[in-house]
Amino acid sequence: MEGLMMHYELTLPQILQRMRSIFPDKEIVSQISGRRHRYTYGEFYARVVRLANVLRTLGVKPGDRVATFAWNSYRHMELYYAIPAVGAVLHTLNVRLSAEQLGYIVNHAQDSLIFADTSLLAPLENLRKELKSVRGYVLMDDTGGLPKTSLSPTHVYEQLMAAASDEEHFATLHEEDACGLCYTSGTTGHPK
């Protein structure tokens, strides 16, 4: 008798492919700065594929930690899937932490890149000299241009997406591979 379990490991690329095949026309809706952004799971999938290629172009390798410093939005959701889909580890930074705690967390995790909403740049700019492992920043907003910032090197999310390949190439993952990293915020001493 054959079991009824799936014949593949349950990893994010499998979940993405299932979304695309079963719900391609279902909508994802984000509220951003007083307006709604809408797109389908099919469109989301295509953007995650492009974002995975952006990550590779930026030198992200399996096991690298990639941080996000962002509000909940469709771009942030894309990062939740694309970072683990290339074998890297998603590290969400709490936007309400102090500068000291943010600096500690980024350095402890050895984040290689930080994807940040432009409305949240000030804390990162104040910490830029202390962030030892960060080798670049990707800025996310709706203007499409590069805002004035002291962060360097910087890239613009939508410009990178526009130039990225749409060829699907997700990493071969195992269920035991790390996909996300979180630090506590309600603790004594440094976040853990």
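All values reported here derive from a predicted model rather than from experimental measurement.

### Some points on the pairing of strand S5 (residues 111-117)
For S5, the buried fraction is high: 7 of the 7 residues fall into the buried class. By the bridge criterion, 5 bridges tie strand S3 (residues 65-69) to S5 in an arrangement that is parallel. Each residue of the ladder has a partner; that of Thr-68, found in S5, is Phe-115. As paired elements, S5 and strand S6 (residues 137-140) share 4 bridges and run parallel to each other. The residue of S6 that forms the bridge with Ala-116 is Leu-139.

### Some remarks on the packing of aromatic side chains
What the rule picks out here adds up to 6 aromatic pairs. Centroid distance Tyr-45 to Phe-170: 6.2 Å. Interplanar angle 90°. Geometry classified as edge-to-face. Here the residue Tyr-45 occupies a position in helix H2 (residues 41-57), and Phe-170 occupies one in the loop between helix H6 (157-163) and strand S8 (180-181), the gap between them amounting to 125 residues. Residue classification places Tyr-45 among the buried positions, given a relative accessible area of 5%. When the ring of Phe-115 is compared with that of Tyr-157, the centres are 6.2 Å apart and the planes differ by 80°; the resulting orientation is edge-to-face. Of this pair, Phe-115 sits in strand S5 while Tyr-157 sits in helix H6, and the two are 42 residues apart along the sequence. Through a chain of ring-to-ring contacts, the aromatic side chains of Tyr-39, Tyr-41, Phe-44, Tyr-74 and Tyr-81 assemble into a single cluster. Directly above the aromatic system of Tyr-45 lies the positively charged group of Arg-20, at a separation of 4.4 Å from the ring centroid.

### Remarks on the pairing of strand S4 (residues 89-92)
Two strands pair when backbone bridges link them, and S3 and S4 are joined in this way by 4 bridges, in the parallel orientation. The partner of Arg-65 across the bridge, within S4, is Val-89. The parallel pair S3 and S4 is bridged by helix H3 (residues 74-85), and the resulting crossover is right-handed.

### Observations concerning the side chain of His-76
Relative to the assigned elements, His-76 resides in helix H3. A polar side-chain atom of His-76 sits 2.8 Å from a polar atom in the side chain of Thr-68. Beyond its immediate chain neighbours, meaning those up to four positions away, His-76 contacts Thr-68, Ala-70, Trp-71 and Thr-92.

### Quick notes on the nonpolar core
Leu-16, Phe-44, Leu-51, Phe-115, Tyr-157 and Phe-170 are the most contacted members of the largest nonpolar core, which totals 35 residues. When residues of this core are assigned to their parent elements, the largest contribution, 8 residues, is made by H2. Aside from chain neighbours lying at most four places away, what touches Leu-16 is Phe-44, Tyr-45, Val-48, Tyr-81 and Phe-170. Counting 21 residues, the second-largest nonpolar core is a separate cluster that includes Leu-93, Ala-116, Leu-124 and Leu-131.

### Quick word on the packing of H2 against H3
Contact geometry of H2 with H3 gives a least axis separation of 9 Å together with a crossing angle of 60°. With respect to each other, H2 and H3 are oriented oblique. Regarding H2 and H3, the two cross each other, and that crossing is right-handed. Between H2 and H3, the contacting residues are Tyr-41, Phe-44, Arg-47, Val-48, Leu-51, Ala-52 and Leu-55 on the first element and Tyr-74, Arg-75, Met-77, Glu-78, Leu-79, Tyr-81, Ala-82 and Ile-83 on the second. In terms of residue class, the contact of H2 with H3 is built from 12 nonpolar, no polar and 3 charged.

Quick notes on the rules
- Residues numbered from 1 in each chain as written.
- Predicted model: local features only at pLDDT ≥ 70, side-chain atom pairs only at ≥ 80, totals over all residues.
- Heavy atoms only, no water.
- Buried < 20%, exposed > 50% of the residue type's maximum accessible area, 1.4 Å probe, protein only.
- Helix = DSSP H or I, 4+ residues; strand = E, 2+ residues; numbered from the N terminus.
- Pairing = 2+ DSSP bridges.
- Phe/Tyr/Trp six-rings, centres within 6.5 Å; stacked < 30°, edge-to-face > 60°.
- Lys NZ or Arg CZ within 6 Å of the ring centre and 35° of its normal.
- Right-handed = clockwise from strand over helix to strand, strands pointing away.
- Polar contact = N/O pair within 3.5 Å; in protein donor to acceptor, adjacent residues only side chain to side chain.
- Contact = heavy atoms within 4.5 Å.
- Core = buried A, V, L, I, M, F, W, Y, C linked by side-chain atoms within 4.5 Å.
- Axes fitted to C-alpha atoms, helices over the stretch in contact; angles between N-to-C directions.
- Parallel < 35°, antiparallel > 145°, perpendicular 65-115°, else oblique.
- Left-handed = near helix turned anticlockwise from the far one by under 90°.
- Nonpolar A, V, L, I, M, F, W, Y, C, P; charged D, E, K, R; others polar.

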